[in-house]
Amino acid sequence: MNMVSFNFKSVLCGLGSAVVMTAVFASVQMYQPAKLPIEEQQQITVSSDSYTVDALDLGPYNDCRRDCHATLLAANDSFLIEVNFDYSGFDNGNGFNRSTGIQIDRLEPEFVGDESGEEINAYLDRYELTKINEALEESIAVKLQKLGGSHG
């Protein structure tokens, strides 16, 4: 009988400790600052001298033309930008001059993060989007050239 009451007391003490620990953790959580939704965070203007394409996904056969994906890094790695895009190739020649290349038809930033990778409420002006566009066009052209593919 003494053994039974001892086990019952230890169970009650264990249960009481669990309740106290839960209350402590809950109170700590209440005092943590809540992370605001991205739309409610202060907007940060993204700018960089240049952008580098870190990852370029043109699909399993490198023939993606619609809903392609890329990750770019700002020159000083202060921003990470993930974009979805559509592109087309062109090959124009008039007998004297010939120009070939890649043209981005649609560019949609999907995610912008700071140097730690945390998502931020970012503003990308037209000038920054033009630099991102140029970096993407160059990267796609280089990748397709290395693969021996055509631009058209």
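Everything that follows concerns the structure shown earlier in this document.
Procedures and definitions
- Residues numbered from 1 in each chain as written.
- Predicted model: local features only at pLDDT ≥ 70, side-chain atom pairs only at ≥ 80, totals over all residues.
- Heavy atoms only, no water.
- Phe/Tyr/Trp six-rings, centres within 6.5 Å; stacked < 30°, edge-to-face > 60°.
- Buried < 20%, exposed > 50% of the residue type's maximum accessible area, 1.4 Å probe, protein only.
- Helix = DSSP H or I, 4+ residues; strand = E, 2+ residues; numbered from the N terminus.
- Salt bridge = Lys/Arg side-chain N within 4 Å of Asp/Glu carboxyl O.

Some details on the packing of aromatic side chains
Thinking step 1. Within the structure shown, the criterion is met by one aromatic pair.
Thinking step 2. Aromatic side chains Phe-85 and Tyr-87 sit 6.3 Å apart centroid to centroid with 40 degrees between the ring planes, which places their arrangement in the tilted category.
Thinking step 3. For Tyr-87, a relative accessible area of 2% gives the class buried.

As for the environment of Ile-104
Thinking step 1. With respect to the helices and strands, the residue Ile-104 is situated in strand 5 (residues 98–113).
Thinking step 2. Along the sequence, Ile-104 and Glu-134 sit 30 residues apart, while their C-alpha atoms lie 8.5 Å from each other.

Structural notes on unusual backbone geometry
Thinking step 1. The phi torsion at Asp-67 lies on the positive side, around 55 degrees, for a residue other than glycine.
Thinking step 2. Structurally, the position occupied by Asp-67 is in the loop between strand 2 (51–57) and strand 3 (68–74).
Thinking step 3. Even without being a glycine, Asp-77 presents a positive backbone phi close to 55 degrees.
Thinking step 4. The residue Asp-77 is located in the loop between strand 3 and strand 4 (80–93) in this model.
Thinking step 5. Judged by its relative accessible area of 47%, Asp-77 is partly exposed.

Observations regarding the pattern of salt bridges
Thinking step 1. Here the structure, examined in full by the defined rule, presents four salt bridges.
Thinking step 2. We note a salt bridge from Asp-86 to Arg-106, for which the minimum N-O separation is 2.9 Å. In this pair, Asp-86 sits in strand 4 while Arg-106 sits in strand 5, placing the two residues 20 residues apart along the sequence. The two residues Asp-86 and Arg-106 agree in class, both being buried.
Thinking step 3. Residue Glu-108 is joined to Arg-106 by a salt bridge in which the shortest nitrogen-to-oxygen separation is 3.1 Å.
Thinking step 4. Overall, the relative accessible area of 34% leaves Glu-108 in the partly exposed class.

As far as function goes, none of this settles anything; it's purely spatial.
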